[in-house]
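Examining the three-dimensional arrangement
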Amino acid sequence: MTLPATFVIDTPGDAIRAAELRRVKWLATSVLVVTFAIFLAARALLPLHPVFGFIAAFAEAATIGGLADWYAVVALFKRPLGLPIPHTAIIQGNQHRIADKLGEFIEKHFLEAAPVEAKLRQIDFGSFIADWLRDRKRSEDLARFALRLLPEAVAATETSGLMTFVSRRITAQLMAVDLAPLAAGTLRAFVEEGRHSGLLDDILRAVHQTMTQAETMAMIREKIRAELPTLLKLYRADKFLVNKIVASATAFFEEVRNDPKHPFRGEFDRMVLTFVDRLGTDPTYAERIDGLKRDLLARPELTSLARHIWENTRTFFERSASGETQVLEQYLVRMFVKAGEALAGDAELRAEINQGLVAVLRTVVAEQKSGVSIFISDQVKAWDMGQLISLIEINIGRDLQYIRFNGSLIGGLAGLALYTLEYLLRLL
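Residues numbered from 1 in each chain as written. Predicted model: local features only at pLDDT ≥ 70, side-chain atom pairs only at ≥ 80, totals over all residues. Heavy atoms only, no water.

For the protein chain, the name recorded in an unreviewed UniProt entry is DUF445 domain-containing protein, with Bradyrhizobium australiense as its organism.

Set out below in structure tokens:
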């Protein structure tokens, strides 16, 4: 990551503060010059009257106090008069130590688990999310943002090989599924629920309808005529046999359909259950089903169908992202708004969201706080200290300059007090 090495100080507020700093600096320097001039004048006029001694003492001490505080303020940022005086340019000379201590201070006092968790628990994330989603304008913006990402996500999926990986994983998972026990369990549940009886009724009805059709009757008649002796054919025995077969079968089917306790139904139940048992235990059935599964998954038509579905989905996403169709966007907006309304009305869910986010964010902060400390330290180390000092001076330099005023005043008063004490002692 490229760390910023410079600061841009060009905002209107910075310009105003810089002008005010220059004004205060000029005033502080003017006070220093004036006190020094007063000192010189008072010392020159001292022979004329003793009061000038008091004035000179005040001005002298004020000048010395002003100079001392000027040195202290300048030494904090720069070298006074450019001289390599020890323990000056304190901020510049300790940039790396300040950077490390600043990062350490923030890590220990701002990113500790207890204060972070306390602050996080003050935030109602659930209500914020609910209010945000319920705002239709925001949900529309979120839907459009999601749609704009879809084509890129689809393209990334195709170019990254993710589709190939997913399709292979799906195929491998399908191949690993043992269909025989699954099919047996499904059929057993089907039989236990009695749904196979309806299937039997449908089969009987279908067979009955088929056998009573003219085409079926003609086909059966031709088959019987081919098998009967020639003598019986002359007497049209085939027609009699067909009619008897159809009548007997129809009667049997109707009898089974109308009698829920017909013995044939019991036989049908036993036959189905036997088939289910064999399907779940017989390796032959399992091999046949696995073979059908492999053949089905290997069919090129299945691959073509999957590709066609994917292409249609991608086209639909692209049309939705371009605004050509509003179907998906409107659906997403409705979904987001309904989700917000549901969340707003579910206090328990909001509480769970808040608790979950607090736990997640607390863990993230705990795991990353040392990285934050290092990041802050690296940032400060990479700063251009000349510009940083200019930035500090612009924002707090005005207050620092008032130290010079205070130094002149306090120094002058101290000097006046000492001179007064000395004068009184001389009188005694």
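Still more ground to cover, so stick around.
**Comments concerning the overall build of the protein chain**
Check the secondary structure of the protein chain and you find 19 helices and 0 strands. Here the protein chain holds 428 residues, and the buried ones make up 25% of them. Residue pairs in contact within the protein chain that sit at least 24 positions apart in sequence constitute 73% of those at least 6 positions apart. (Helix = DSSP H or I, 4+ residues; strand = E, 2+ residues; numbered from the N terminus. Buried < 20%, exposed > 50% of the residue type's maximum accessible area, 1.4 Å probe, protein only. Contact = heavy atoms within 4.5 Å.)

**Let's talk about the confidence of the model for the protein chain**
The predicted coordinates should not be examined in detail at positions where pLDDT is low. Residue-level pLDDT values for the protein chain average 78, and 84% of them are 70 or greater. At the level of individual helices and strands, the protein chain shows its lowest average pLDDT in helix 12 (residues 230–234), which scores 49, and its highest in helix 6 (residues 125–134), which scores 91. Below a pLDDT of 50 lies the segment residues 231–235, which in the model reaches 4 contacts outside its immediate sequence neighbourhood of four places, other chains included. (pLDDT = per-residue confidence, 0-100.)

**Digging into the layout of surface pockets**
In this structure, the largest pocket spans a volume of roughly 530 Å³. Surrounding the largest pocket, 13 residues form its lining, Ser167, Leu302, Thr303, Ala306 and Arg307 being those nearest its centre. For the lining of the largest pocket, the secondary structure elements donating two or more residues are helix 8 (162–176) and helix 16 (300–322). The element that contributes the greatest number of residues to the lining of the largest pocket is helix 8, accounting for 7 residues. Among the residues forming the lining of the largest pocket, the class breakdown is 8 nonpolar, 4 polar and 1 charged. (1 Å grid on protein atoms, 1.4 Å probe; cavity = no way out; pocket = protein on both sides within 12 Å on 5 of 7 lines; lining within 4 Å. Points joined across faces, edges and corners; volume = space filled by probe spheres on them. Nonpolar A, V, L, I, M, F, W, Y, C, P; charged D, E, K, R; others polar.)

**Concerning the side chain of aspartate 69**
In this fold, aspartate 69 is placed in helix 2 (residues 51–77). It turns out aspartate 69 is buried and unbridged, and the closest side chain with the opposite charge, arginine 404, is 7.9 Å from it. The residues contacting aspartate 69, other than those within four sequence positions of it, are Ile403, Arg404, Asn406 and Gly407. (Lys, Arg positive; Asp, Glu negative; His and termini not counted. Salt bridge = Lys/Arg side-chain N within 4 Å of Asp/Glu carboxyl O.)

**Some details on empty space enclosed by the protein**
One pass over the structure, following the stated rule, counts 1 cavity of 30 Å³ or more. Considered as a void within the structure, the largest cavity measures approximately 30 Å³ in volume. If you go around the largest cavity, the residues you meet are Ala28, Leu32, Gly66, Arg404 and Ser408. Secondary structure elements with two or more residues in the lining of the largest cavity: helix 1 (12–45) and helix 19 (385–427). Within the lining of the largest cavity, the residues separate by chemical class into 2 nonpolar, 2 polar and 1 charged.

**Comments concerning the pattern of salt bridges**
Inspection of every chain in the model, using the stated rule, returns 12 salt bridges. Across the pair arginine 144 and aspartate 141 runs a salt bridge whose closest N-O atoms are separated by 2.6 Å. Within this pair, arginine 144 and its partner aspartate 141 are both found in helix 7 (residues 136–159), separated by 3 residues, close to a single helical turn. The exposure class of arginine 144 is partly exposed, given its relative accessible area of 30%. Among the residues examined, aspartate 141 registers a relative accessible area of 32% and is labelled partly exposed.

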